[in-house]
Amino acid sequence: MSYNLAAFFYLIASVCFILALRGLSHPESSRGGLRFGIAGMVIAVITTLFIMPQVNFVLILLGIIVGGAIGTVIAIRIQMTALPQLVAAFHSLVGLAAVLVAAAAFYNPAAYGIGVPGDIKTASLIEMAIGAAIGAITFTGSIVAFAKLQGLVSGKPVVFAMQHWLNLALGILAVILIIWMVAGQSATAFWLLVLLTLVLGVLIIIPIGGADMPVVISMLNSYSGWAAAGIGFTLGNNLLIITGALVGSAGAILSYIMCKGMNRSFISVILGGFGGESAAAGAGDGEQRSYRQGAADDAAFLMRNAEKVIIVPGYGMAVAQAQHALREMADLLKGEGVEVKYAIHPVAGRMPGHMYVLLAEANVPYDEVFEMDEINREFAETDVAFVIGANDVTNPSAKSDPASPIYGMPVLDVEKAQNVLFVKRSMASGYAGVDNPLFYMDQTMMLLADAKKMCEDIVKALEA
Amino acid sequence: MSEDLMQQAIDLANRARDLSDDAAALARETARISSDSGLVEAVGPSPLITGLTVFILAIFVGYYVVWRVTPALHSPLMGVTNAISSVIIVGALIAAGTGDFGFSEIMGFIAVTLASVNIFGGFLVTHRMLSMFKKKQK
């Protein structure tokens, strides 16, 4: 196959990838889009095998079969609540693969047509170094994110003195190593650079707290794309460059959306430390305020007689595995003629769009689920808002109290509903460690129990 | 008289030969300089600039396509982007399958395996997610 023909097939693969992303504009078109994505990947791999002068099929097939089998088993077994960890783990693999390809290109540049060992083209060396560096940061950064999400290490931010100066110094050192590597064609500099950026990846992610994980995952998604693009420049392969740019911009946009959902600037998320001082935040007045507590029967009575109920689910619902019981409850209410909708905050769950997937898994139809901006004005004409496993995203002090740590964050206008039912395990504060005035409002009834248990009890009361 | 003429003709011929030698040397020099700067082999911008053009345009495509993704499908979006970023397997295949077996081939082999985990895992988990999104039954 000629190089021109190969480049043409790579172009087709690139277009397939663009169509795969384009399909995600609607659930109906998304499955067709996914087929385009798979087709693009198959075209890319086959085209590559055709342009290689000799092919060691045994080695390649072994890699694809072993890797494919592992990936398949993981993808089939994974729980949807554990999606964020899975995505973080997958990002780490892309990062490591980028480092390895860069290393292979450094030691065998002739295979890629970029020179001979010891005399690699300068531009290729720079691109290779950047690809390897971003890849290494993605690799270890994703491992730390994985460990935090999986609960292997504490989600608390790890901060120490001079942290950011240390990172800056390491960053400058990385640039110096790149110059050394390019000027001297030095393998030592290459490996020192990899080692340094591996450490840097850990240091960048450890100060970021658990609450900011949706941003971190999106950011690492973006990095994995830039790493792929860097390798694409090294190999002079437009397919890799295009795909890397697509993935990089997708991750960047998701990071932006997540930051906006939390009213945080990207810089402040990166600098980290948020969510560590939880005790200091809410304990301002110290006095015990009174709240109204209810039982499942009260909740069932209220909702059965309502015309419209909006359910506000949060990550706590998924942790308690309450989504199926919740959907059952909603079905019974719909059977009694109650209009039921779901309201989703942009940062509900632990990765972008996580809550939508969790609800879809529990067979909640996607056309009953609405994003915050679509549904927020409907709370005023709603009889019952049913908050389950969410807390900070309903906190009205984000709108009214400039002293609140979450002031300015967009929140769901739950307090505008006639009645608020708030399912919560205890009266402790939320993920961000902020007290919620909603608990003490007149229209609020606290349902203090495990989310799943409470939903099951309400289902029983509704059936009775 | 005729000897004078003869002598002048010989001088002229010699000077013409020197001139043609100079011209040939200059031509060789020009050819060397222009091939060093790549002017003879490739007319047009360097691969870096071509790559950069593609890169920037693809970022714009990505920007407009991704903003149209519905928030409900942001998780599948991450699944798909994760799978397609493993197109880095293209680089890994070239390293792994040269026919020799050395350091680069081992690096390539591991990279092929890792990228395959991602390709299969990423597409499959996205498929699982997407197949759960169902419309209201009426």
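Look a little higher up for the structure.
So, how was this worked out
- Residues numbered from 1 in each chain as written.
- Chains lettered and ligands numbered in written order.
- Predicted model: local features only at pLDDT ≥ 70, side-chain atom pairs only at ≥ 80, totals over all residues.
- Heavy atoms only, no water.
- Pairing = 2+ DSSP bridges.
- Helix = DSSP H or I, 4+ residues; strand = E, 2+ residues; numbered from the N terminus.
- Axes fitted to C-alpha atoms, helices over the stretch in contact; angles between N-to-C directions.
- Contact = heavy atoms within 4.5 Å.
- Buried area = accessible area lost by both parts, 1.4 Å probe.
- Salt bridge = Lys/Arg side-chain N within 4 Å of Asp/Glu carboxyl O.
- Polar contact = N/O pair within 3.5 Å; in protein donor to acceptor, adjacent residues only side chain to side chain.
- Nonpolar A, V, L, I, M, F, W, Y, C, P; charged D, E, K, R; others polar.
- Buried < 20%, exposed > 50% of the residue type's maximum accessible area, 1.4 Å probe, protein only.
- Parallel < 35°, antiparallel > 145°, perpendicular 65-115°, else oblique.
- Left-handed = near helix turned anticlockwise from the far one by under 90°.
- Core = buried A, V, L, I, M, F, W, Y, C linked by side-chain atoms within 4.5 Å.

Residue and element names in this part refer to chain A. Pairing is parallel in the open sheet, where six strands are placed in the order E5-E4-E3-E6-E7-E8. Among the strands making up the open sheet, the edge pair consists of strand E5 (369–371) and strand E8 (444–448). Strand-to-strand, the axes of this sheet are offset by a mean angle of 25 degrees, without reference to chain direction. The pairing of strand E7 (residues 419–424) with E8 spans five bridges and is parallel. Across the sheet, the residue bridging to Leu421 is Met445, located in E8. The strands touched by helix H12 (residues 296–304) within the sheet are strand E3 (308–313), strand E6 (384–388), E7 and E8, with E7 carrying the most contacts at an inclination of about 145 degrees. The sheet strands contacting helix H14 (residues 323–335) are E3, strand E4 (339–344) and E6, and the helix crosses E4 at an angle near 145 degrees.

With that settled, consider unusual backbone geometry. With the exception of glycine, most residues fall at negative phi, and the peptide bonds are largely trans. Residues and elements named next belong to chain A. In this structure, Asn263 is a non-glycine residue whose phi angle is positive, near 55 degrees. Positioned with a positive phi, Gln321 is a non-glycine residue whose angle comes to about 55 degrees. Along the chain, Gln321 turns up in the loop between helix H13 (315–319) and H14.

To continue, consider the interface of chain A and chain B. Contacts between chain A and chain B engage 102 residues on the former and 77 residues on the latter. Summed over both partners, the interface of chain A with chain B buries about 8,000 Å², with 79% contributed by carbon and sulfur atoms. On the chain A side of the interface with chain B, the three residues burying the most area are Leu24(A), Leu34(A) and Met41(A), jointly 8% of the side's total. Viewed at the interface, chain B and chain A are joined by zero salt bridges. Put simply, chain A and chain B have 14 residue pairs in polar contact (both at pLDDT 80 or more) between them. Of all elements in the fold, only helix H1 (3–23), helix H2 (27–51), helix H3 (57–77), helix H4 (83–107), helix H8 (213–235), helix H9 (238–261) and helix H15 (354–361) of chain A reach the threshold of two or more residues within the side of chain A that touches chain B. Classifying every residue of the side of chain A that touches chain B gives 69 nonpolar, 24 polar and nine charged.

The next subject is the pairing of E4(A). Residues and elements named next belong to chain A. In terms of residue burial, E4 counts as a mostly covered element, since five of its six residues are buried. Of the strand pairs in this sheet, E3 and E4 are connected by four bridges, and their pairing is parallel. If you follow Val309 over to E4, its bridge partner there is Val340. Strand direction decides the pairing type here: E4 and E5, joined by three bridges, are parallel.

What follows concerns the side chain of His74(B). Relative to the assigned elements, His74(B) resides in helix H3 (residues 74–84). A residue is classified by how much of its surface remains accessible, and His74(B), at 5% relative accessible area, is buried. With near-sequence residues (within four places) excluded, His74(B) lies in contact with Leu254(A), Ile257(A), Pro352(A), Gly353(A) and Val69(B).

Residues and elements named next belong to chain A. Two elements in contact, helix H5 (residues 122–150) and H8, have axes separated by 8 Å at closest approach and are oriented at 155 degrees. As the angle between them shows, H5 and H8 are arranged roughly antiparallel. When you trace H5 past H8, the crossing you get is left-handed. Taken together, the residues that form the contact of H5 with H8 break down as 14 nonpolar, nine polar and two charged.

Residues and elements named next belong to chain A. Counting residues in each nonpolar core, the largest one holds 198 residues, and the members touching the most others are Met303, Ile311, Met329, Phe386, Ile388 and Ile458. No other element matches the 16 residues that H4 contributes to this core. When near neighbours in sequence (up to four residues on either side) are disregarded, Ile388 contacts Ile311, Val312, Pro313, Gly314, Met317, Ala322, Leu326, Val423, Ala451 and Cys455.

Residue and element names in this part refer to chain A. One pass over the structure, following the stated rule, counts 14 salt bridges over all chains. Here Arg264 ties to Asp212 by a salt bridge, and the two come within 2.8 Å at their closest N and O atoms. Taken together, the residues Arg264 in the loop between H9 and helix H10 (266–271) and Asp212 in the loop between helix H7 (187–205) and H8 connect sequence positions 52 residues apart. Of the residues examined, Arg264 reaches a relative accessible area of 14% and is grouped as buried. A relative accessible area of 0% means that Asp212 is categorised as buried. Taking the shortest distance from any N to any O, the salt bridge between Asp331 and Arg327 comes out at 2.9 Å.

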